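# Examination of the molecular architecture
Next come the chains, spelled out residue by residue.
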Amino acid sequence: MSLHEDAVLVLKGYEGQPELRDLYLEHLAAHPDGVYKPCTAGHVTGSALVIDPARGRVLLTLHKKLGMWLQMGGHCEPGDDTLEAVALREASEESGIASGLSLLPGGPVRLDRHAIPAPCHWHLDVQYAALAPAGAEAEISEESLDLRWFPYEEVAAVADTSVVRLLEATLARLGG
């Protein structure tokens, strides 16, 4: 199965945000290359909010290009087989947590479509949550200006609404 086919299956199985989900599916139907960065009409990305429920905190990265505190995430690459693999790879690379991250069961937590500078126009982000292992040590990557754990209650003060909504949806899935 190709990454494109996996993305279609994942999105068809995602029950939230029906209008946005349908927009993603329409994009993929119109663009066989719609999961990769060269697709200038927009492309699917995968991200993961790294969360430590035992300590009530999330790990955010200060994005080098955007100067914003965000969840870990990025572009699909040719070697990626699934959207889950994209999200987990990006979470591991950007957090520096080399092993032990696991995606929260149940598939994507949210979708977030946001404009980006030309030549491309849109990121169609499929957002997951990744559980950090006990004692996880984060290490800043070259893609970040900073990397920091934030208590849940501080996220709204440092991050944009997309990250706040992702945290809220993650906590709801965790039952808290």
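Residues numbered from 1 in each chain as written. Predicted model: local features only at pLDDT ≥ 70, side-chain atom pairs only at ≥ 80, totals over all residues. Heavy atoms only, no water.

## Some words on the side chain of Glu90
- By the secondary structure assignment, Glu90 is in helix 3 (residues 83-95).
- Only 2.9 Å separates the side chain of Glu90 from the side chain of Arg89, close enough to count as a polar contact.
- In this structure Glu90 touches Gly46, Met72, Gly73, Gly74, His75 and Ser95, once residues within four positions along its chain are discounted. (Helix = DSSP H or I, 4+ residues; strand = E, 2+ residues; numbered from the N terminus. Polar contact = N/O pair within 3.5 Å; in protein donor to acceptor, adjacent residues only side chain to side chain. Contact = heavy atoms within 4.5 Å.)

## Some words on the nonpolar core
- Counting 33 residues, the largest nonpolar core has Val50, Leu83, Val126 and Tyr128 as its most contacted members.
- Residue assignment for this core shows that the elements contributing at least two residues are helix 1 (3-13), helix 2 (18-30), strand 1 (43-52), helix 3, strand 7 (122-131) and strand 8 (144-151).
- Residue contributions to this core peak at 5 residues, all from helix 1.
- The residues touching Tyr128, leaving out its near neighbours within four places in the chain, are Val10, Ser47, Ala48, Leu49, Leu83, Glu84, Ala87, Leu103, Gly107, Pro108, Val109 and Leu166.
- Counting 18 residues, the second-largest nonpolar core is a separate cluster that includes Ile51, Trp69, Leu104 and Leu167. (Core = buried A, V, L, I, M, F, W, Y, C linked by side-chain atoms within 4.5 Å. Buried < 20%, exposed > 50% of the residue type's maximum accessible area, 1.4 Å probe, protein only.)

## Regarding the layout of surface pockets
- By volume, the largest pocket is sized at about 900 Å³.
- Lining the largest pocket are 33 residues, and of these His63, Leu66, His75, Ile116 and His123 sit closest to its centre.
- Secondary-structure elements contributing two or more residues to the lining of the largest pocket are strand 1, strand 2 (57-63), strand 4 (72-75), helix 3, strand 6 (110-115) and strand 7.
- Partitioned by chemical class, the residues of the lining of the largest pocket number 8 nonpolar, 13 polar and 12 charged. (1 Å grid on protein atoms, 1.4 Å probe; cavity = no way out; pocket = protein on both sides within 12 Å on 5 of 7 lines; lining within 4 Å. Points joined across faces, edges and corners; volume = space filled by probe spheres on them. Nonpolar A, V, L, I, M, F, W, Y, C, P; charged D, E, K, R; others polar.)

## Describing the side chain of Thr61
- Relative to the elements of secondary structure, Thr61 occurs in strand 2.
- For Thr61, a relative accessible area of 2% corresponds to the buried category.
- In terms of polar contacts, Thr61 uses its side chain to reach the side chain of Ser144, at 2.3 Å.
- Contact partners of Thr61, with chain neighbours within four places excluded, come to Met68, Trp69, Leu70, Gln71, Met72, Glu94, Ser144, Asp146 and Leu147.

## So, the environment of Glu26
- Tracing the backbone shows Glu26 in helix 2.
- Measuring from C-alpha to C-alpha, the distance between Glu26 and Val8 comes to 9.7 Å, with 18 residues separating the pair along the chain.

## Digging into the pattern of salt bridges
- In the structure shown here, the tally under the stated rule is 7 salt bridges.
- Among the salt bridges present, the one from Arg57 reaches Asp52, with a minimum N-O distance of 3.0 Å. Each member of the pair Arg57 and Asp52 is classed as buried.
- For Glu77, the salt bridge is made with Arg89, and the minimal N-O distance between the two is 3.4 Å. On the criterion of sequence distance, the pair formed by Glu77 in the loop between strand 4 and helix 3 and Arg89 in helix 3 is long-range, its members being 12 residues apart.
- The network of salt bridges with shared partners includes Glu77, Asp80, Arg89, Glu90 and Glu93. (Salt bridge = Lys/Arg side-chain N within 4 Å of Asp/Glu carboxyl O.)

## Regarding unusual backbone geometry
- Positive phi is not limited to glycine here, since Gln17 has a value of about 45°.
- Tracing the chain through its elements places Gln17 in the loop between helix 1 and helix 2.
- Take Gln17: its relative accessible area is 21%, and that puts it in the partly exposed class.

## A word on the packing of helix 1 against helix 2
- Running from N to C, helix 1 and helix 2 cross one another at 155°; their axes reach a closest spacing of 10 Å. When the interaxial angle is binned, helix 1 and helix 2 end up roughly antiparallel. Where helix 1 crosses over helix 2, the handedness of that crossing is left-handed. Counting all contacts with helix 1, which are made through His4, Ala7, Val8, Leu11 and Lys12, the residues of helix 2 involved are Arg21, Tyr24, Leu25 and Leu28. (Axes fitted to C-alpha atoms, helices over the stretch in contact; angles between N-to-C directions. Parallel < 35°, antiparallel > 145°, perpendicular 65-115°, else oblique. Left-handed = near helix turned anticlockwise from the far one by under 90°.)

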